[in-house]
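Chains, contacts and geometry: an overview
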Amino acid sequence: MKRAVITAVGHYVPDNVIPNSYFENRIETTDEWIRTRTGIEERRFAPDGMATSDMGVRAIQDCLNSRGIDKDEIDFIIVATVTPDYIFPSTACIIQDKMQMKHPYIWGYDVSAACSGFIFALETARRLVEAGASQKALVVGADKMTTITDPQDRTTCIIFGDGAGAVLLEPSDDENTGIIDSVMHIDGSGLPLLHMKAGGSVMPASLETVEKRLHYIFQDGQPVFRAAVKSMADAACDVMQRNNLTGEDIAWLVPHQANLRIIDATASRMELEKDRVMINIQRYGNTTAGTIPICLSEWHKDGKIKYGDNIILAAFGGGFTYGATYLRWGIRHSA
Ligand code: UT7
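Please read all numbers here as calculations on a predicted model, not as lab measurements.

Here we come to the sheet that holds strand β5 (residues 107-111). Consider a sheet: its strands pair through backbone hydrogen bonds, and that pairing is either parallel or antiparallel. Taken in spatial order, the 5 strands of this open sheet run β1-β7-β6-β4-β5, and their pairing is mixed. Every interior strand has two partners, whereas the edge strands, β1 (3-12) and β5, have only one. When the angles between neighbouring strand axes are averaged without regard to direction, this sheet yields 20 degrees. Looking at chain direction, strand β4 (residues 76-80) and strand β6 (residues 137-144) are connected through 5 bridges and run parallel. What sits directly across from Ile78, in β6, is Val139. Against the sheet, helix α10 (residues 291-301) contacts β1, β6 and β7 (162-172), and its axis sits at roughly 90 degrees relative to β1.

Now the structure itself:
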């Protein structure tokens, strides 16, 4: 069986930088509270009129340009997002059309797994590539979180930001690189703690749902925090154990960027030094499906990931959803 290897990465974040001080005269909060409780210093807000698909397109262009791949070679596109352009059609369809991707058999769809969306989508694409059903699969994590974040809710509005990342997956005979193993979980009992109340079939949009501000993220922070710490570390340690890896074998942990304290707890359970953890939450906040591919893209561009590096991706999000992926980096830095 062929391995599925990440052969290119790219990302996009909007230009508009929003420092913590932005919130200080809008809601009851302080820069100090936000920094110490979350690790966030600033985030990016996409402008009105820029949809999730537009950020996805920019991330894909960055990804394909880095490897000189033509858009028409893409035969599968999977988009992880909880802020799709529309409930339907899928953001994957919109991106395909906006980019005029013309492979005769291109197909794809969206995945809804909140902050674990990118690793769930990566896992799905990996299976298709391994099975020979896709030769060039694009995996996109993109979210315009500002569209579902209540600017009056101080427990959530300070956390989230907008952004997108994308990776290209291709089959390879190289045993030394590619996605090696993964563990993925869902636990639907997490629904009451993290969800959006209205706009779905349970509570369709109405004047009342808008007036009651029910089209925004609802989060009960503390229990979600506890579940995130446990589940992300459990999944990461599980995938390490299954592959006989210790902390010393890992070049990089790429954790979902929800809260610096969750990241630190996960790294410590894995017995990893902090200099081997990708952290950019201070600059972007939580971009949901965007966090992991944005990290990969930034660290790759900076030349900090070496060919053959052992990397663990780990995420936790609404659902609950959680998991971890073990891969060996397959891009030589000159590529
Ligand atoms: O992305 C995937 C899923 N999401 C997560 O993983 C997020 C998990 N949760 C968290 O990261 C944290 O729970 C939060 C960052 C959301 C909140 O931090 P916390 O340390 O758990 O705070 P808390 O909810 O326990 O609140 C502590 C206090 C409360 O005041 P009282 O009741 O002690 O008087 C809050 O009302 O901090 C207050 N508070 C704030 N104060 C200033 C809550 N938000 C703010 C704020 N500024 N923005």
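Taken together, 24 residues surround the ligand, and among them Thr29, Arg37, Gln222, Asn259 and Asn286 come closest. Arg154 places a main-chain nitrogen or oxygen 2.9 Å from a nitrogen atom of the ligand. Within the side chain of His256, a nitrogen or oxygen atom sits 3.1 Å from an oxygen atom of the ligand. Surface burial for the ligand is 74%, taken as the share of its 950 Å² of free accessible area covered by protein chains.

Here is what the cut-offs are and how they apply
Residues numbered from 1 in each chain as written. Predicted model: local features only at pLDDT ≥ 70, side-chain atom pairs only at ≥ 80, totals over all residues. Heavy atoms only, no water. Pairing = 2+ DSSP bridges. Helix = DSSP H or I, 4+ residues; strand = E, 2+ residues; numbered from the N terminus. Axes fitted to C-alpha atoms, helices over the stretch in contact; angles between N-to-C directions. Contact = heavy atoms within 4.5 Å. Near = heavy atom within 4 Å. Polar contact = N/O pair within 3.5 Å; in protein donor to acceptor, adjacent residues only side chain to side chain. Areas by Shrake-Rupley, 256 points an atom, 1.4 Å probe, with all protein chains shown as cover.

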